[in-house]
Amino acid sequence: MIKKALFAILLLAAIAIIATNFIAKENESTQSKVESNQSDTTGLTLGAEAPDFTLTDQNGETVRLSDYRGKKVILNFWATWCPPCRAEMPHMQQFHENNPDGDVEILAINLTAQDKGDEAIRSFIDEVGLTFQIPMDESGEVAQAYQVRTVPTTYILNTKGEIAQKIVGPMDEQIMIDQTESID
Amino acid sequence: MSYVPIFHLTIPSIWVSVLIAAALTSFLLRFALKEKTGDWLWNAVSLYILIWKLSYILFNFENFLEMPLSILYFNGGLYGHLLGIVLVIVYLTVTLIKQPKLANQPVFAWLLFFVSYQAVLQIFENNVLEAIFHSLLLIVSILAIRYLVKRADVPTDLLLAALFTLELLIVSVFAPLISWQIATLVTLAVITTFFYNRFTQKGQIV
C-alpha cells in the first residue's frame, strides 16, 4: 500500500517537474518586464541608480560613471595598505584580460585620500600589472558618497547604472563572472 | 546570490547554509534513525571544506606564490568543489567498506542535508514561500524515515527517490533544475544507495 503511494508520489512529482519547467520558461519574459519598470532614484540600496562621479584615473584620463551606461560595471574601492585588496587585484586583472569584448567595465577606485601616497600606489599598479581603469579619489568624496567603511567594497552595476549587488570583502575571478553574468 | 555580513566580511550565504545544514543533519539524522550519528559526517564535511579551500593553491598557483595570504580570502571554486566531492566519495567508500554497519546513515544524510540546506539558504535569500516548502518537506522526510525505514514492505530506495523527486520539484519551481548542486547530489545519492543496498543484501545492515 505504502509502496504504491510512494510510486504515485514519485510519478506525480516527476510529471509536475516537467510541467513547471515548461511553464516557467513562458513566464520569464513577463517577469523581467515587471522588474525593469521599477526604475529608481539615486541611492545605495539594491535597484537604485548608483551616484554619479567624475574622477581622474592613473593615466590622467577623466572617468565619469554615467559615461558607462550600457555596460555592466564592477565598481571597486581599494587601497594599497589593505591585504585583501592586494589579494583581489590579480583576480580582477585576470577577469579584465578574459573579458576582451569589454561588456563589463572595471573601475577600481583607489582611496587616494587615505592611501600611502602616489608612489606607493603606482609601484603597486606596476608590480601587479594592472591595466584596467583606476580612478583616484583624492578628496575622499566618492568613497563617502558610496559609504565605503571597509575595503575592499564592490558595487556591481547593471547596464542601466543600477546597483545590482554590494560585496564587502575580496572577490575572486569566479565571483566576478557569476555576479556579472547573473545581471542584465 | 546573497551574502551574510559577518564582522567586516560578507560571506556568500550558500557557505553559511552548508555549515548550518551539516549541523542540522547530524542532529536530525539521530532523530530519524534513533541512533547516534557517526564521526563520518563531520569527517566528510571537514575534508570537503579543507579541500575546497586549499585547492585554491592548486588552481591559482601563481597568485598564491605572489600573495600567499590570498588563501585566507579565496577558495578553489567549482573545480575545488568537484575535487572535494571526489575525495569525500573516496573517504566514504573506504570508511563504509571497513564498517558496513555505518552505511545506513549516509544514505539518508544526503537527503536531509540537501533539504535543510535549501530551507536555510532560502531563509537567507528571503524567499519565504520556498523556505516554507523545503521546511515542510524536511519534516515529512524525517518522519517518513523514522517510521517507514524498518518496514519490510517499504523499499528504502523508493522512499528516498520519492522524497528526492519532491525536493527537485520544489527546487525547479523556483530555480533552474540543472545545476552543479543537483549533479553533486545525484552522484552522492547513487553511491550511498549502492553501498546501502549491497550491504543490506549481504545482511551487514540489520
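Please read all numbers here as calculations on a predicted model, not as lab measurements.

What to know about the interface of chain A and chain B
Facing the 32 residues of chain A at the interface are 30 residues of chain B. Buried surface at the junction of chain A and chain B, summed over both partners, amounts to about 2,600 Å²; 72% is from carbon and sulfur atoms. For the chain A face of the interface with chain B, the top three residues by lost area are Ile2(A), Leu6(A) and Ile17(A), together amounting to 20%. The interface formed by chain A and chain B contains 0 salt bridges. Where chain A packs against chain B, one counts 1 residue pair in polar contact (both at pLDDT 80 or more). Of all the secondary-structure elements, those providing two or more residues to the side of chain A that touches chain B are α1 (2-37), α2 (83-97), α3 (118-128), β7 (163-168) and α5 (173-181) of chain A.

Some details on the pairing of strand β6 (residues 153-157) of chain A
All names here are of chain A. Taken across its 5 residues, β6 has 5 buried, putting it largely inside the fold. Of the two faces of β6, the one holding Thr 153, Tyr 155 and Leu 157 and the one holding Thr 154 and Ile 156 are both buried throughout. Relative to β6, strand β3 (residues 72-78) runs antiparallel, the two being bridged by 5 bridges. Directly across from Phe 77, in β6, lies its bridge partner Thr 153. Alignment of β6 against β7, held across 5 bridges, turns out to be antiparallel. Following the sheet pairing, Ile 156 is matched in β7 by Gln 165. Connecting the antiparallel pair β6 and β7 is a turn made up of 5 residues, with Gly 161 showing a positive phi of about 80°.

Quick word on the packing of aromatic side chains
Following the criterion strictly, the structure yields 16 aromatic pairs over all chains and no others. Aromatic pair Trp78(A) and Phe124(A): ring centres 5.5 Å apart, planes at 40°, arrangement tilted. In this pair, Trp78(A) is assigned in strand β3 and Phe124(A) in helix α3, connecting sequence segments 46 residues apart. Taken individually, Trp78(A) and Phe124(A) each receive the classification buried, so the pair is uniform in this respect. For the pair Phe133(B) and Phe174(B), a centre-to-centre distance of 6.5 Å together with 45° between the ring planes defines the contact as tilted. Taken as a pair, Phe133(B) in helix α7 (residues 128-148) and Phe174(B) in helix α8 (residues 156-174) lie far apart in primary sequence, 41 residues in all. Residue class for Phe133(B) comes out partly exposed when judged on its relative accessible area of 40%. A relative accessible area of 36% places Phe174(B) in the partly exposed class. Taken together, the ring pairs in this structure connect Phe53(A), Phe77(A), Tyr146(A) and Tyr155(A) into an aromatic cluster.

Some points on the UniProt feature "transmembrane region" (unreviewed entry) in chain B
When the UniProt feature table is mapped onto this chain, "transmembrane region" (unreviewed entry) is found at residues 6-28, 40-59, 71-94, 106-125, 131-149, 156-174 and 180-199 of chain B. Taken as a whole, residues 106-125 of chain B contains 95% helix and 0% strand, while its terminal C-alpha atoms sit 28 Å from one another.

Regarding helix α5 (residues 77-98) of chain B
One full turn of an α-helix is made of 3.6 residues, so residues set three or four places apart face in the same direction. Residue and element names in this part refer to chain B. The first and last C-alpha atoms of α5 sit 32 Å apart over 22 residues, in line with the 32 Å expected at 1.5 Å per residue. Taken residue by residue, α5 has Gly 77, Gly 80, His 81, Gly 84, Ile 85, Val 88, Ile 89, Leu 92, Thr 95 and Leu 96 as its buried positions. Packed against the buried residues of α5 are α2 (40-59), α6 (106-124) and α9 (180-201).

Some remarks on the pairing of β3(A)
Residues and elements named next belong to chain A. With 7 of 7 residues buried, β3 lies mostly within the body of the structure. Residues Lys 72, Ile 74, Asn 76 and Trp 78 line one face of β3 and the alternating positions Val 73, Leu 75 and Phe 77 line the opposite face, and both faces are buried. Relative to strand β4 (residues 104-110), β3 runs parallel, the two sharing 7 bridges. Looking at the pairing, Ile 74 lines up with Ile 106 of β4.

Points about α7(B)
Residues and elements named next belong to chain B. For α7, with 21 residues, the first-to-last C-alpha span of 30 Å sits near the 30 Å given by 1.5 Å per residue. Of all the residues in α7, the buried ones are Glu 130, Ala 131, His 134, Leu 137, Leu 138, Ser 141, Ile 142, Ala 144, Ile 145 and Leu 148. Buried residues along α7 cover an arc of 165° about the axis, so they all sit on one side. Within α7, the exposed residues directed more than 90 degrees away from the buried face are Val 128, Leu 129 and Tyr 147.

Criteria and cut-off values
- Residues numbered from 1 in each chain as written.
- Chains lettered and ligands numbered in written order.
- Predicted model: local features only at pLDDT ≥ 70, side-chain atom pairs only at ≥ 80, totals over all residues.
- Heavy atoms only, no water.
- Contact = heavy atoms within 4.5 Å.
- Buried area = accessible area lost by both parts, 1.4 Å probe.
- Salt bridge = Lys/Arg side-chain N within 4 Å of Asp/Glu carboxyl O.
- Polar contact = N/O pair within 3.5 Å; in protein donor to acceptor, adjacent residues only side chain to side chain.
- Helix = DSSP H or I, 4+ residues; strand = E, 2+ residues; numbered from the N terminus.
- Buried < 20%, exposed > 50% of the residue type's maximum accessible area, 1.4 Å probe, protein only.
- Pairing = 2+ DSSP bridges.
- Phe/Tyr/Trp six-rings, centres within 6.5 Å; stacked < 30°, edge-to-face > 60°.
- UniProt positions renumbered as here; feature names shortened; annotations may be inferred.
- Expected span 1.5 Å × (residues − 1).
- Arc of directions from axis to C-beta.

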